[in-house]
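Chains, contacts and geometry: an overview
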Amino acid sequence: MKALTFKRYGKSPEIGFADVPRPTLKADEILVQVRAVGLNPIDNMIPTGMFKPVLNFRLPATLGSDLAGVVTEVGSKVTRFKPGDAVFASIFDLGTGSLAEFAVVPESAAAPKPINLDFVQAASIPMVGLTSWQVLKERLKLRSGQKVFIPAGSGGIGTFAIQLAKYFGAKVGTTTSTGNVELVSSLGADEVVDYKKQAFEKVLLDYDAVLGTVRGDAIEKSLGILKPGSQIVSIVGPLDAAFARARRLNFVLRFVFGMMSRKITRRAGKRGVSYLFHFVRPDGAQLSEIGHLLEAERIRPVIDKVFPFAQAKEALDYLAQGRSRGKVVVQM
């Protein structure tokens, strides 16, 4: 079968199409004929080696994490799915990729495709949906009436997280460019800062939580808008020692990650704020709950551009520019 792979880590990962063996199933897995793949920024980061100490791939490795497609085969212990079922899933952090004609998905990671979404729309959801759910609901325990800052509101994660936070009853602040103010407002954002005209840390005040989605100094600047007792959960780093312990990494990596997050952790602590790094995990049960919200139209997919499979590499290059409005999807 055809797949988009990378051969090595570093500046020249040799990303390109390759013929790879069709995957075989374990008892608790399903084989999915992939119809669409949603792209995420980490798909571009993985070949650089940035996450090599954390993510395990056997090279050459298939790229991609999110997918939507049709079940063609099921393992002997699978009970929730049968051939012909339409599903969507994230297989991030499972050592395999989705930018291929077929993908193996653990039963526990898959969910029925929302009936009102096509495969392209469904494929745009898993990672941004699970990340938003796990950060806002599990980590931040966001409650009605609280204020959460979600920067980069027009991006893939921002467009979903704003809608989910509003579903939870929160008030949402965000940043975006002039041309995207109307979009993020339509998604429910209460306070929208045009970063080309204003600095968010000079406008926003008395927030209860931050979902860190932007690299650079944005997380440190967000300390100034938070109340004491608030929380920052970042999905872009810096990685911290708690993350290393949770993944049972060795002492050296625990020390390194602790040093990476030392500055923000100390600055946050002085303001009575806590800092955590979050790494999304596949979860079919959570994805099913998200699917119900999509079917009820409490949340809608936001898709910027769809590329054919033959242009999957170009799709990753387009995503890397960082200017997409919503998600970039590859259609098989």
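As a reminder, the structure under discussion sits directly above these lines.
Below is a short write-up of the structure.

Rules behind the numbers
- Residues numbered from 1 in each chain as written.
- Predicted model: local features only at pLDDT ≥ 70, side-chain atom pairs only at ≥ 80, totals over all residues.
- Heavy atoms only, no water.
- Phe/Tyr/Trp six-rings, centres within 6.5 Å; stacked < 30°, edge-to-face > 60°.
- Buried < 20%, exposed > 50% of the residue type's maximum accessible area, 1.4 Å probe, protein only.
- Lys NZ or Arg CZ within 6 Å of the ring centre and 35° of its normal.
- Helix = DSSP H or I, 4+ residues; strand = E, 2+ residues; numbered from the N terminus.
- Expected span 1.5 Å × (residues − 1).
- Contact = heavy atoms within 4.5 Å.
- Polar contact = N/O pair within 3.5 Å; in protein donor to acceptor, adjacent residues only side chain to side chain.
- 1 Å grid on protein atoms, 1.4 Å probe; cavity = no way out; pocket = protein on both sides within 12 Å on 5 of 7 lines; lining within 4 Å.
- Points joined across faces, edges and corners; volume = space filled by probe spheres on them.
- Nonpolar A, V, L, I, M, F, W, Y, C, P; charged D, E, K, R; others polar.

All chains considered together, the criterion is met by 14 aromatic pairs. Both rings, one in Tyr167 and one in Phe168, keep their centres 5.7 Å apart while their planes meet at 55 degrees; by these two values the pair is tilted. Overall, the relative accessible area of 34% leaves Tyr167 in the partly exposed class. When its relative accessible area of 16% is taken as the criterion, Phe168 is described as buried. Counting every residue linked through ring pairs, the aromatic cluster contains Phe51, Phe92, Phe243, Phe257, Phe277 and Phe279. A cation over a ring is seen here: Lys305 above Tyr318, with NZ or CZ 5.0 Å from the ring centre.

Once that is clear, we can look at helix α10 (residues 284–295). Because each turn of an α-helix spans 3.6 residues, side chains separated by three or four positions in sequence point in the same direction. For α10, which comprises twelve residues, the first-to-last C-alpha distance of 16 Å matches the rise-based estimate of 16 Å (1.5 Å per residue) to within 8%. All of the buried residues in α10 are Gly284, Gln286, Leu287, Ser288, Ile290, Gly291, Leu293 and Leu294. Packing partners of the buried residues in α10 comprise β6 (86–90), β8 (110–112), α3 (126–139) and α4 (156–167). Near the N-terminus of α10, the side chain that reaches the backbone nitrogen of Ala285, with its oxygen 3.1 Å away, is that of Asp283. Looking at the residues trailing α10, positive phi occurs at Glu297, about 60 degrees.

Okay, empty space enclosed by the protein next. Evaluation of the coordinates by the stated rule reveals two cavities of 30 Å³ or more. Quantified by volume, the largest cavity comes out at close to 50 Å³. Around the largest cavity, the lining residues are Ser124, Ile125, Val128, Gly156, Thr159, Phe160, Gln163, Arg300, Pro301, Val302 and Lys327. For the lining of the largest cavity, a count of residues per class yields five nonpolar, four polar and two charged. Its volume calculated, the second largest cavity comes out at about 30 Å³. What lines the second largest cavity is simply Phe149, Pro151, Val210, Gly212, Thr213, Ala218, Ile219 and Ser222. It is helix α6 (residues 218–222) that contributes the most residues to the lining of the second largest cavity, three residues altogether. Considered class by class, the residues forming the lining of the second largest cavity number five nonpolar, three polar and no charged.

Geometric values such as these leave the question of function open.
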